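Inside the fold
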Amino acid sequence: MLKKLTKHGNSLALVIDRPILDLLKIDPDTPLDVSTDGSRLIIAPLDPSARRKKFDTAQEWAHKRYGKAFQKLAE
């Protein structure tokens, strides 16, 4: 399938056809992982385990930084 980029404001956009979105179970709320191998653009739904790892990392950071404040708010 050949596609062309379309102008979207000051950026370029790639329109993904509905059958492909349905096949990959992608909807407007699906987080996507965008990467490259140096010559190709790779777009895939974010691996739930990778998403969970990012969440856990952010939660741990917030707890270290604001843990005492959270505890005071809970009291």
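See the structure shown above.
Described below are features of the structure shown in this document.

**Things to note about the pattern of salt bridges**
Per the stated rule, a full pass over the model turns up five salt bridges. A salt bridge links Asp22 to Arg18; the shortest N-O distance between them is 3.5 Å. Remark: Arg18 and Asp22 occur in helix H1 (residues 18-24); sequence separation between them is four residues, near one turn of the helix. Its relative accessible area of 48% is what places Asp22 among the partly exposed residues.

**Examining the pairing of strand E3 (residues 32-36)**
Strand residues, when the strand is regular, have side chains that alternate between the two faces of the sheet. Of the strand pairs in this sheet, E3 and strand E4 (residues 41-45) are connected by five bridges, and their pairing is antiparallel. Within E4, the residue paired with Val34 across the bridge is Ile43. Hairpin remark: E3 followed by E4, antiparallel, with four residues in the connecting loop; positive phi at Gly38, about 105°.

**Thoughts on the packing of aromatic side chains**
Here the distance between the centres and the angle between the planes together describe a pair of aromatic rings. One pass over the structure, following the stated rule, counts two aromatic pairs. Look at Trp61 and Tyr66: their rings are 5.9 Å apart centre to centre, the planes differ by 85°, and that puts the pair in the edge-to-face class. Taking the relative accessible area as the measure of exposure, Trp61 reaches 49% and is therefore partly exposed. A relative accessible area of 36% places Tyr66 in the partly exposed class. Seen from their ring centres, Tyr66 and Phe70 are 6.3 Å apart, and the 50° between their planes marks the pair as tilted. Note that Tyr66 and Phe70 are positioned in helix H2 (residues 48-74) at a spacing of four residues, about one turn of the helix.

**With respect to the environment of Ile26**
Along the chain, the position of Ile26 falls in the loop between H1 and E3. A C-alpha to C-alpha distance of 11 Å links Ile26 and Ile43, two positions 17 residues apart in sequence. The contacts of Ile26, once residues within four sequence positions are left out, are Arg18, Leu21, Leu32 and Pro45.

**Comments concerning a nonpolar patch on the surface**
On the surface, Met1, Leu5, Leu12, Leu14, Ile16, Ile20, Leu23, Leu24, Leu32, Val34, Leu41 and Ile43 cluster together into a nonpolar patch covering about 1200 Å² of accessible area. No other element matches H1, which puts three residues into the nonpolar patch. Mapped onto the elements, Leu41 comes out in strand E4.

Procedures and definitions
- Just so you know, the residues in each chain are numbered from 1, in the order the chain's sequence is written.
- Local features in a predicted model are, by the rule used here, given only for residues with pLDDT of at least 70; side-chain atom pairs are given and counted only at 80 or more, and totals for whole chains, interfaces and linings are based on all residues.
- Each side-chain value is derived from all of the structure's non-hydrogen atoms; neither hydrogens nor water enter the calculation.
- The term salt bridge refers to a side-chain nitrogen of Lys or Arg lying within 4 Å of a carboxyl oxygen of Asp or Glu.
- For helices the rule is a DSSP run of H or I covering at least 4 residues; for strands it is a run of E covering at least 2, with both sets numbered from the N terminus onward.
- Note on classification: 1.4 Å probe, protein chains only; a residue is buried when its accessible area is under 20% of the maximum for its type, exposed when over 50%, partly exposed between these limits.
- Two strands pair if DSSP finds at least two bridges between them.
- Between the rings of Phe, Tyr and Trp (Trp by its six-membered ring), a pair exists once the centres lie within 6.5 Å; its type follows the angle of the planes, with under 30 degrees stacked, over 60 edge-to-face, and the other angles tilted.
- Residue contacts follow a heavy-atom distance rule, with two residues in contact if any of their heavy atoms lie within 4.5 Å.
- Candidate patch residues must exceed 30% relative accessible area and have no salt bridge, after which like charges are joined if within 9 Å and Val, Leu, Ile, Met, Phe, Trp or Tyr side chains if within 5 Å.
- Here, Shrake-Rupley sampling with a 1.4 Å probe gives the accessible areas, and only protein chains in the shown set may cover a residue.

Shape is all these values report; function is a separate question.
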